[in-house]
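In case you want the letters, here they are:
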Amino acid sequence: MGIVRESNSSVTAAATDPHRTGQGPADPAEIAELRRIAVHLAQTAAAHVRARRPEVFGDGESAQDAVQAKSSPTDPVTVVDTEAEQLIRRLLAELRPGERVLGEEGGGSLGDDSQVVWVVDPIDGTVNFMYGIPAYAVSVAAMRGGRSLAGAVADVAGGHTYSAGLGAGATRTDRGGTAITLRCNEVGTVGMALLATGFGYGATRRARQGQLIAELLPHVRDIRRIGSAALDLCMVAAGLVDAHYEHGLNTWDWAAGALIAAEAGARVVLPPAGTISKTGELVVASAPDIADELLELLDRLGVSEPIPES
């Protein structure tokens, strides 16, 4: 299994080899160690986020001071996002000194093809976190050469941790430590598929996404908007939805979740690692039995085309 990477607008192009030229096969022992660390980081940060929410949002006045806008007034960052990323960076400096970090709040870069870089989203689903909607997560992935080697997504409110290693499968572990192997749903037709999606922060992109949903909805069972792309991708892996698609994700939104979905058997389509939200390219993860039909439908309706920010 491996993650499909596409550099053009068509999501129906042929899959690329996950062990592509210049990278070679991954070492299983290294994968296992990176996965262990990703799980530790995600769970430790999730515990911090869980503890801090009532402290920050239990008082209306202090909550106002804890939130700032980023790309637009509807794109928030909280003091807890920043704290959680700083915590992960401190732990990585101890556990993996000298390795790069690319974080949503603190920035960074992917480095060269020989380096491991840790890609971090300290709270994916910040709006849900602010409102107390129980769908937000900490996402941590280890990448090299634009390929995810290991990743973990900790569902903060639910207490589950999803994780995967390249070629090593995907699991969901509950609070008590019980792990189950993840496999995508067996669904025979797009007409019976439950899709998850998300919206951008800019008005122009949102308007186009709304138009596309109106065109797509008659062809599927239904559509869900959970509010966390990382959790959506894990839900594909766990069979809680049949597919996820979304325009304009950043690398930290999908670096862990896409690997988890792929290792559970999903067909995954991604822009190149390092692609930024502004270009509006499409991410797709689909249960394998409907992937060809879904990707053809997305092409036909124009969903596969990027929706750049104006």
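Conventions used here
Residues numbered from 1 in each chain as written. Predicted model: local features only at pLDDT ≥ 70, side-chain atom pairs only at ≥ 80, totals over all residues. Heavy atoms only, no water. UniProt positions renumbered as here; feature names shortened; annotations may be inferred. Helix = DSSP H or I, 4+ residues; strand = E, 2+ residues; numbered from the N terminus. Contact = heavy atoms within 4.5 Å. Buried < 20%, exposed > 50% of the residue type's maximum accessible area, 1.4 Å probe, protein only. Salt bridge = Lys/Arg side-chain N within 4 Å of Asp/Glu carboxyl O. Pairing = 2+ DSSP bridges. Core = buried A, V, L, I, M, F, W, Y, C linked by side-chain atoms within 4.5 Å. Domains from an automatic or database assignment. Arc of directions from axis to C-beta. Expected span 1.5 Å × (residues − 1). Bend = angle between axes of the 7 residues up to and from the residue.

Draft legend 1. Spotlight on the UniProt feature "binding site: Mg(2+)" (unreviewed entry) in the protein chain. UniProt annotation of "binding site: Mg(2+)" (unreviewed entry) refers to Glu 104, Asp 121, Ile 123, Asp 124 and Asp 253 when read in the numbering used here. Considering the C-alpha atoms alone, the annotated residues occupy 150 residues of sequence yet fold into one spot, their largest mutual distance being 9.8 Å. With respect to the secondary-structure elements, Ile 123 resides in strand β5 (residues 117–124). With sequence-adjacent residues up to four places away left out, Ile 123 is seen in contact with Val 49, Thr 78, Val 80, Asp 81, Glu 104, Phe 129, Tyr 136 and Ala 137. With respect to the helices, strands and loops of the structure, Asp 124 is situated in strand β5.

Draft legend 2. Broad picture of the environment of Pro 76. Considering the arrangement of structural elements, one finds Pro 76 in strand β3 (residues 76–78). By relative accessible area, which is 10% here, Pro 76 ends up buried. With 50 residues separating them along the chain, Pro 76 and Thr 126 place their C-alpha atoms 6.9 Å apart.

Draft legend 3. A look at the pattern of salt bridges. With the rule as written, the count across this model stands at 10 salt bridges. Linked through salt bridges whose partners overlap, the residues forming this network are Arg 52, Glu 55 and Glu 83.

Draft legend 4. Just the pairing of β5, in detail. Burial runs high along β5: eight of the eight residues are buried. Taken together, the six bridges between β5 and strand β6 (residues 137–144) define a ladder with antiparallel strand orientation. Across the sheet, Val 120 pairs through a bridge with Val 140, a residue of β6.

Draft legend 5. The arrangement of the pairing of strand β7 (residues 147–155) in detail. Here β7 lies mainly inside the structure; nine of its nine residues are buried. By the bridge criterion, eight bridges tie β6 to β7 in an arrangement that is antiparallel. Residue pairing for β7: Met 143 is matched across the bridge by Ser 148. Counting the residues that bridge the hairpin from β6 to β7 gives two residues, and of these Gly 145 lies at a positive phi of roughly 60 degrees. Pairing geometry for β7 and strand β8 (residues 161–165), over five bridges, is antiparallel. Bridged to Val 153 within β8 is Tyr 162.

Draft legend 6. Representation of the nonpolar core. Membership of the largest hydrophobic core comes to 99 residues, with the highest contact counts inside it found for Val 49, Trp 118, Val 138, Val 153, Leu 195, Leu 216 and Ile 260. Here this core takes 12 residues from helix α1 (residues 28–57), the largest share from any one element. Summarising the domain contributions, this core has at least three residues from each of domain 1 (28–181) and domain 2 (190–301).

Draft legend 7. Structural view of the environment of Tyr 136. If you trace the backbone, Tyr 136 turns up in the loop between α4 (126–131) and β6. Setting aside residues no more than four positions away along its own chain, Tyr 136 makes contact with Val 49, Arg 53, Ile 123, Asp 124, Gly 125, Asn 128, Phe 129, Ala 154, Asp 155, Val 156, Ala 157 and Leu 231.

Draft legend 8. Geometry of helix α9 (residues 291–301). Of all the residues in α9, the buried ones are Ala 291, Leu 294, Leu 295, Leu 297, Leu 298 and Leu 301. Take α9 and look down its axis: the buried residues cluster within an arc of 160 degrees, on one side only. Facing away from the buried side of α9 by over 90 degrees, the exposed positions are Asp 292 and Arg 300. As for α9, its buried residues are in contact with β11 (194–197), α5 (203–216), β13 (243–247), β14 (267–270) and β15 (282–286). Phi turns positive, to about 85 degrees, at Gly 302, one or two residues after α9.

Draft legend 9. Region of interest: α1. Here α1 contains 30 residues, and its C-alpha end-to-end distance of 42 Å stays within 8% of the 44 Å for a straight helix at 1.5 Å per residue. The largest bend in α1 amounts to roughly 30 degrees and is located at Ala 51, with the proline Pro 54 lying one to four residues further along.

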